[in-house]
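Structure assessment
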Amino acid sequence: MHLLLWRINVFDLFFSLFLIYLKCNSITGVKIIGHDASVKKGGNITLFCHLTETEENLTHIVWQKQTRENPKQETFLIIDKNGETEHKNDLLVKVKFIGNIKEKNGSVQLLGMTLLDDGIYTCIFIFPNGQNQTNISVIVLVPPVANVTGKTHVSGHFNIILASCVAFNGWPAAEVFWRLGALNDSLWTETSYSEHTDGSVTAVSHVLGAPSKDLNQKKIQCVVKHSTLTKEQELDYIINVHYPPELVVISPDDPTQTQEYLCSVDCNPTPTSYIWVKVNGSTPHSDSNKLFVPKSSSDFNGVYICTASNQYGSASGVLFVNNTGSTDDCWLLLGLVFSCAILWISLAYILSSGGKMLHIPHLSKSTVKVNT
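Residues numbered from 1 in each chain as written. Predicted model: local features only at pLDDT ≥ 70, side-chain atom pairs only at ≥ 80, totals over all residues. Heavy atoms only, no water.

1. Considering the overall build of the protein chain
Basically, it comes down to this: Helix and strand definitions follow DSSP, with helices as H or I runs of at least four residues and strands as E runs of at least two, each counted in order from the N terminus. Here the term buried applies to any residue with accessible area under 20% of the maximum for its type, exposed to any over 50%, and partly exposed to those in between, with areas from a 1.4 Å probe on protein chains only. Here the Shrake-Rupley method, with its probe set to 1.4 Å, supplies the accessible areas, and only the displayed protein chains count as covering residues.
Along its length, the protein chain carries 2 helices and 26 strands. Buried residues in the protein chain amount to 36% of all 372 residues. Summing over all exposed atoms, the protein chain offers an accessible surface of approximately 21600 Å²; the carbon and sulfur share of this is 56%.

2. A look at the environment of N310
To be explicit about the condition: We call two residues contacting when some pair of their heavy atoms lies within 4.5 Å. We define a polar contact as two N or O atoms separated by no more than 3.5 Å, with the added condition that, inside protein, one atom must be a possible hydrogen donor and the other a possible acceptor, whereas residues neighbouring each other in sequence contribute only through side-chain atom pairs.
Its location among the elements puts N310 in strand 25 (residues 302–310). The exposure class assigned to N310 is buried, which follows from its relative accessible area of 7%. Taking the C-alpha atoms as reference points, N310 and T272, 38 residues apart in sequence, are found 5.0 Å from one another. The residues touching N310, leaving out its near neighbours within four places in the chain, are Y243, P244, P245, C267, N268, P269, T270, P271 and T272. Separated by 2.9 Å, the side chain of N310 and the backbone nitrogen of Y312 make a polar contact.

3. With respect to the packing of aromatic side chains
Formally: Pairing of aromatic side chains here covers Phe, Tyr and the six-membered ring of Trp, requires ring centres within 6.5 Å, and sorts the geometry by plane angle: under 30 degrees stacked, over 60 edge-to-face, intermediate tilted. We call a charge positioned above a ring when the Lys NZ or Arg CZ atom is no farther than 6 Å from the ring centre and deviates by at most 35 degrees from the ring normal.
According to the stated counting rule, one finds 1 aromatic pair in the structure shown. When the centroid spacing of 5.9 Å and the interplanar angle of 85° are considered together, the rings of F76 and Y121 count as edge-to-face. With F76 in strand 6 (residues 74–80) and Y121 in strand 10 (residues 119–127), this pair connects stretches of sequence that are 45 residues apart. Across from the ring centre of F76, 5.3 Å away, lies the NZ or CZ of K65, which sits over that ring. If you follow R68 out to its NZ or CZ, it ends over the ring of W171, 4.3 Å from the centre.

4. Section: the pattern of salt bridges
Keep this limit in mind: Should a side-chain nitrogen of Lys or Arg be within 4 Å of a carboxyl oxygen of Asp or Glu, the pair is scored as a salt bridge.
A complete count under the given rule lists 7 salt bridges for this structure. Taking the shortest distance from any N to any O, the salt bridge between E246 and K213 comes out at 3.3 Å. With E246 in strand 20 (residues 241–252) and K213 in the loop between strand 17 (201–209) and strand 18 (219–225), the pair connects residues that are 33 residues apart, well separated along the chain. For E246, a relative accessible area of 35% puts it in the partly exposed group. Three or more residues are tied together by salt bridges with common partners; here these are R179, K225, E232 and E234.

5. Describing the state of the cysteines
Heads up, the condition is: Cysteine sulfur atoms that come within 2.5 Å of each other are treated as a disulfide pair.
One pass over the full model with this rule turns up 3 disulfides. One disulfide bridge connects C49 with C123, the sulfur atoms lying 2.1 Å from each other. Residues C49 and C123 are joined by a disulfide whose S-S torsion is about -90°; by sign, that bridge is left-handed. Note that C49 is positioned in strand 4 (residues 49–52) and C123 in strand 10, a separation of 74 residues in sequence. Given a relative accessible area of 0%, C49 falls into the buried group.

6. So, the confidence of the model for the protein chain
Where we set the bar: As a per-residue measure, pLDDT tells how confident the predictor is, with possible values from 0 to 100.
Confidence along the protein chain averages 81 in pLDDT terms, with 76% of residues attaining 70 or more. The spread of mean pLDDT over the elements of the protein chain runs between helix 2 (residues 327–353), the lowest at 41, and strand 18, the highest at 98. Long-range and interchain partners of residues 1–9, a stretch whose pLDDT sits below 50, account for 1 contact in this model, where long-range means more than four residues apart. This model gives residues 325–351 a pLDDT under 50, and the stretch forms 15 contacts once residues within four places in sequence are excluded.

7. Details of unusual backbone geometry
For residues besides glycine, phi is generally negative; the peptide bonds are generally trans as well. P172 follows W171 through a cis peptide bond whose omega is -10°. Relative to the assigned elements, P172 resides in the loop between strand 14 (160–170) and strand 15 (175–179). Cis geometry is adopted by the peptide bond preceding P269, which originates at N268 and carries an omega value of 5°. One non-glycine residue with positive phi stands out, namely Q217, at about 65°. Relative to the helices and strands, Q217 is located in the loop between strand 17 and strand 18. With a phi close to 60°, S288 is a non-glycine residue in the positive phi region. If you trace the backbone, S288 turns up in the loop between strand 23 (286–287) and strand 24 (290–292).

8. Topic: the nonpolar core
How we decide: The term nonpolar core refers to a set of buried residues drawn from Ala, Val, Leu, Ile, Met, Phe, Trp, Tyr and Cys, joined through side-chain atoms within 4.5 Å.
Counting residues in hydrophobic clusters, the biggest one holds 27 residues, and the most contacted among them are L47, W63, L110 and F125. Per-element accounting of this core gives the leading share, 4 residues, to strand 10. Other than its neighbours up to four places away in sequence, L110 contacts G43, N44, I45, L47, F76, K94, V95 and Y121. Judged by nonpolar contacts, the second largest core, of 21 residues, contains C165, W178, V207 and L235.

9. Thoughts on the environment of N289
Within the secondary structure, N289 sits in the loop between strand 23 and strand 24. In sequence terms N289 and P271 are 18 residues apart; their C-alpha atoms lie 9.3 Å from each other. If we ignore the near neighbours within four places in the chain, the residues touching N289 are Y261, L262, C263, Y274 and W276.

10. Section: the sheet that holds strand 17
Here is the rule we go by: Note: two strands are recorded as paired if DSSP finds a minimum of 2 bridges between them. Note on definitions: angles span 0 to 180 degrees between N-to-C directions of axes, and those axes are lines fitted to C-alpha atoms, for helices only across the stretch in contact.
Pairing in this open sheet of 4 strands is antiparallel, and the strands run 12-14-17-16 from one edge to the other. Only two strands of the sheet have a single partner each, and these edge strands are strand 12 (145–150) and strand 16 (188–195). The sheet shows a mean angle of 15° between the axes of neighbouring strands, taken without regard to direction. Judged from the 6 bridges that link them, strand 12 and strand 14 form a sheet pairing that is antiparallel. From the neighbouring strand, G150 faces strand 14, where its bridge partner is A163.

Right under this line is the structure:
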């Protein structure tokens, strides 16, 4: 134990003497070849450092660093003229000298890089009468983890966050944006960044707008860009908006038959209940959204109403059944309705041309079916 402490103290003293010495001398006319480098978190990286254009023998090669972990410059490796190495701070298993001091090659390999190892590394060549050095920038890249989140919204609300795209813990910060397509005019985005204690950055991009029926089931796409990704990461999201029933359509369940009628509703979510009522009549035979009317009997003629409901509201549709057994009667009824409509429009036009205003009442949304 005492021997280990003595070695560490001598090592620190040796570093201090070197630092003083290096500031006093510099040799001109030589060239150091070094390259900035990058590596993914957890990977190994080689720092290439080669001295050229000099025949003078080296006495030492020194490596120093300024990193996220320690912004103050520190010496972490010394190679003497015989190629023997001295490591500081128990970096023997993390730093490997892969160069050759006789060939003036000071390259090293750093293992298991973390974000705290990101920084500036300095390679210094020491001669009997001076020194030369170069700085190498090392970037540790951290791939972000991206996902899209959102929830169901109810129509009628003011502008809110409809969906969020998050790129967690990346370095450098990921670029996050949305492709909105035809919704560019009705939606907009906001992006923010937050830095964590380890230096990584989380990017968040929100899509905002007023939830409406028109937005329901529309697809938008989040795009994440990062230097660790070979291509853009695309994340699809389907907007889900809840709204009450607004339109009820009643039609034959099978176009070739008129015995069963289907009550179809525009709403989200699907109706929780369907209620069929015959005006001034007995309760009709129905099963959820289907109504059963025997087509051979006129006893079931009349007006039927289907009311569909979900947790946000309800709406109704109307069905008129007239089982006469004659298609001529049905066409006669259709012609009569059409003639009345033409007469009504003509009368409105004549009165408006004479300077008078005719008000036509609003027709509610419903569907009328005639069964023959």
